[in-house]
Amino acid sequence: MTQIGSKPGNVLSGTIRVPGDKSISHRALMIGAAAVGQTRISGLLEADDVLRTAEAVRALGARIQQQNGNWLIEGVGPGGFVPPDGEIDLGNSGTAARLLLGLLATQEISVSITGDESLRSRPMGRVIDPLGLMGANFEAEEGDRMPLRLRGTGEPIPVEYLVPVPSAQVKSAVLLAALNTPGRTTVREREATRDHTENMLKSFGAAISVEDSGAGGRKISVDGFAELTAVNVDVPGDPSSAAFPGVAALLIPGSEITVENVGLNPLRAGLFDTLIDMGANIEIMNRRDSAGEAVGDIVFRFGALKGADIPANRAPSMIDEYPIAAIAAAFADGETRFRGLAELRVKESDRFAAIIDGLAACGVDVRADGDDIVICGDGTPPPGGAKIVVNLDHRIAMAFLVMGLAAEAPVTIDDAAAIETSFPCFIELMIGLGGKIV
Ligand code: S3P
């Protein structure tokens, strides 16, 4: 494990782009692999999580080439995946695991999948339940954990399924399984979660409809066996990655940076709303549409932040951003309450605990209150000076490196390699903006 640390003292400035969106990259590879014809992907995130998905769909029969920075996927067509030679190892990626199980559940195929220690500890029951109702069979470890073996069904049953927790991965698993299922499969969610699967299935020609079902919920229906036709996919920059340099610039006096070409799908952009609620100086420019996804350039300027009460219904649109939002709250004047964070306990690590323990180690006044996290700052930089154990969690690693750039004393993390999961050039990019990371 490589220890690495960040030190305060330098102003950040410059214009950057961050790597491609992780969620969209996984989906482009999987849906491209299931389609007929050649899908051309530009801007694919070339980070460990997504490369695992690329390897998985290759092992299942899709042909993949890289050409001038683009990825070309020759799809297998309906029900055309072939059994892989051995076990599929999805590393750290919950999205790869849950979406792939959906994609394969309704085809007569047997597949064993596993992952790293973090992924093997994460709950898979949330996809095993609906995919089981559709006819797939699973053998999993205690508590529905991986490694697990899927036996997909050749006679799938359409279902109407209410997703019990707000989860785009569960929703997507059922929608992908529905592609190969006769009749109409319907997924309902009480709170809308990221809709990249729906957007991309539409652009590949799937028979999908999306309706608002009141109070922020949605009803999504897929009619099976529509042929998916390959298209070109332009992957925008990942807002979840832009968040780290962006918040660093908000916290370091004198800083101003621009992150260009960032995905601004409203179901992903909750962090920016939260930071604006906290008084952040953020400007979104050149709003445009890129292949069905909203995109823009974001300017982040240093300025005072104030505490805010962030409602639970904001969580789905910023679920991956709480580690970095919590760092921002530690620098704000007053109390910030992030409500309704139960899902953080089942991410790449227990992020609920990791945020509280990490901030406390940095001298921040932080506490849990049921499923809420409450952080009290006085508008000055917290002490910092901690060593953070990241437990294979890329976002905890990057969030606390940002803390060290702006706190009174440096912060170290025990495992820089975790960052490879989603943002391989993070350290170089931060150094390029002026940050001290060694
Ligand atoms: C993702 C959905 C979210 C998110 C994850 C990516 C996706 O997970 O945390 O990083 O691409 O669908 P949940 O579905 O578990 O909320």
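Residues numbered from 1 in each chain as written. Predicted model: local features only at pLDDT ≥ 70, side-chain atom pairs only at ≥ 80, totals over all residues. Heavy atoms only, no water.

**Examining the site of the ligand**
Residues in close proximity to the ligand include Ser23, Arg27, Thr95, Pro166, Ser167, Ala168, Gln169, Arg194, Ile319, Asp320 and Lys347, which together make up its full environment. A distance of 2.6 Å is found between an oxygen atom of the ligand and a side-chain nitrogen or oxygen belonging to Arg27. Within the side chain of Asp320, a nitrogen or oxygen atom sits 2.6 Å from an oxygen atom of the ligand. Within the residue set of the shell around the ligand, elements represented by two or more residues are helix H1 (22–34) and helix H6 (168–178). Here the shell around the ligand is composed, by residue class, of three nonpolar, four polar and four charged. For the shell around the ligand, the domains that each give at least three residues are domain 1 (4–20 + 236–437) and domain 2 (22–234). (Near = heavy atom within 4 Å. Polar contact = N/O pair within 3.5 Å; in protein donor to acceptor, adjacent residues only side chain to side chain. Helix = DSSP H or I, 4+ residues; strand = E, 2+ residues; numbered from the N terminus. Nonpolar A, V, L, I, M, F, W, Y, C, P; charged D, E, K, R; others polar. Domains from an automatic or database assignment.)

**Some words on the pairing of strand E12 (residues 207–212)**
Note: E12 against strand E13 (residues 218–223), six bridges, orientation antiparallel. Its bridge partner being in E13, Val210 is matched across the sheet by Ile220. The antiparallel pairing of E12 with E13 creates a hairpin that spans five residues between the two strands, and Gly214 there sits at a positive phi of about 90°. (Pairing = 2+ DSSP bridges.)

**Examining the pattern of salt bridges**
Tallied over the entire structure, the rule returns 29 salt bridges. A salt bridge links Glu348 to Arg122; the nearest nitrogen and oxygen atoms lie 4.0 Å apart. One end of the pair, Glu348, is in the loop between strand E19 (333–338) and helix H11 (351–361); the other, Arg122, is in the loop between helix H4 (117–120) and helix H5 (125–133), with 226 residues separating them in the sequence. When sorted by exposure, Glu348 lands in the same class as Arg122, which is buried. With a shortest N-O distance of 2.8 Å, Arg188 and Glu160 are connected by a salt bridge. Linking Arg188 in strand E11 (residues 184–189) with Glu160 in strand E10 (residues 160–162), this pair joins segments that are 28 residues apart in sequence. On the basis of relative accessibility, which here comes to 54%, the residue Glu160 falls in the exposed class. When salt bridges with common partners are traced through the structure, they connect Arg122, Arg194, Asp320, Glu348, Arg351, Asp393 and Arg395 into a single cluster. (Salt bridge = Lys/Arg side-chain N within 4 Å of Asp/Glu carboxyl O. Buried < 20%, exposed > 50% of the residue type's maximum accessible area, 1.4 Å probe, protein only.)

**Thoughts on the sheet that holds strand E22 (residues 387–388)**
Read from one edge of the open sheet, four strands run E22-E23-E1-E24, paired in mixed fashion. In this open sheet, the two edge strands, each paired with only one partner strand, are E22 and strand E24 (436–437).

**Brief notes about the environment of Asn180**
Locating Asn180 in the fold gives a position in the loop between H6 and E11. According to the relative accessible area criterion, Asn180 is buried, its value standing at 16%. Placed 43 residues apart in sequence, Asn180 and Asp223 show a C-alpha to C-alpha distance of 9.0 Å. Apart from the residues within four sequence positions on either side, Asn180 is in contact with Gly79, Thr106, Gln107, Pro156 and Phe225. (Contact = heavy atoms within 4.5 Å.)

**Examining the environment of Ile431**
Within the fold, Ile431 resides in helix H13 (residues 426–433). With relative accessibility at 40%, the residue Ile431 sits in the partly exposed group. Between the C-alpha atoms of Ile431 and Leu12, which are 419 residues apart in sequence, the distance is 8.9 Å.

**Section: the sheet that holds E11**
Pairing in this open sheet of four strands is mixed, and the strands run E10-E11-E13-E12 from one edge to the other. A strand with exactly one partner marks an edge of an open sheet, and here the two such strands are E10 and E12. Geometrically, the sheet is characterised by an average inter-axis angle of 15° between neighbouring strands, direction not taken into account. Sheet strands touched by helix H7 (residues 196–203): E12 and E13. Its angle to E12, the strand with the most contacts, is close to 140°. (Axes fitted to C-alpha atoms, helices over the stretch in contact; angles between N-to-C directions.)

**With respect to helix H2 (residues 48–59)**
Between the first and last C-alpha of H2 there are 16 Å, a value that for twelve residues agrees with the 16 Å anticipated at 1.5 Å per step. For H2, the full list of buried residues reads Asp49, Val50, Thr53, Ala54, Ala56 and Val57. Looking straight down H2, one finds that the buried residues subtend no more than 160° of arc, so they occupy a single side. Looking at the buried positions of H2, the neighbouring elements they touch are H1, strand E4 (63–67), strand E5 (70–74), strand E6 (88–89) and helix H3 (94–105). A positive phi of about 115° marks Gly61, the residue just after H2. (Expected span 1.5 Å × (residues − 1). Arc of directions from axis to C-beta.)

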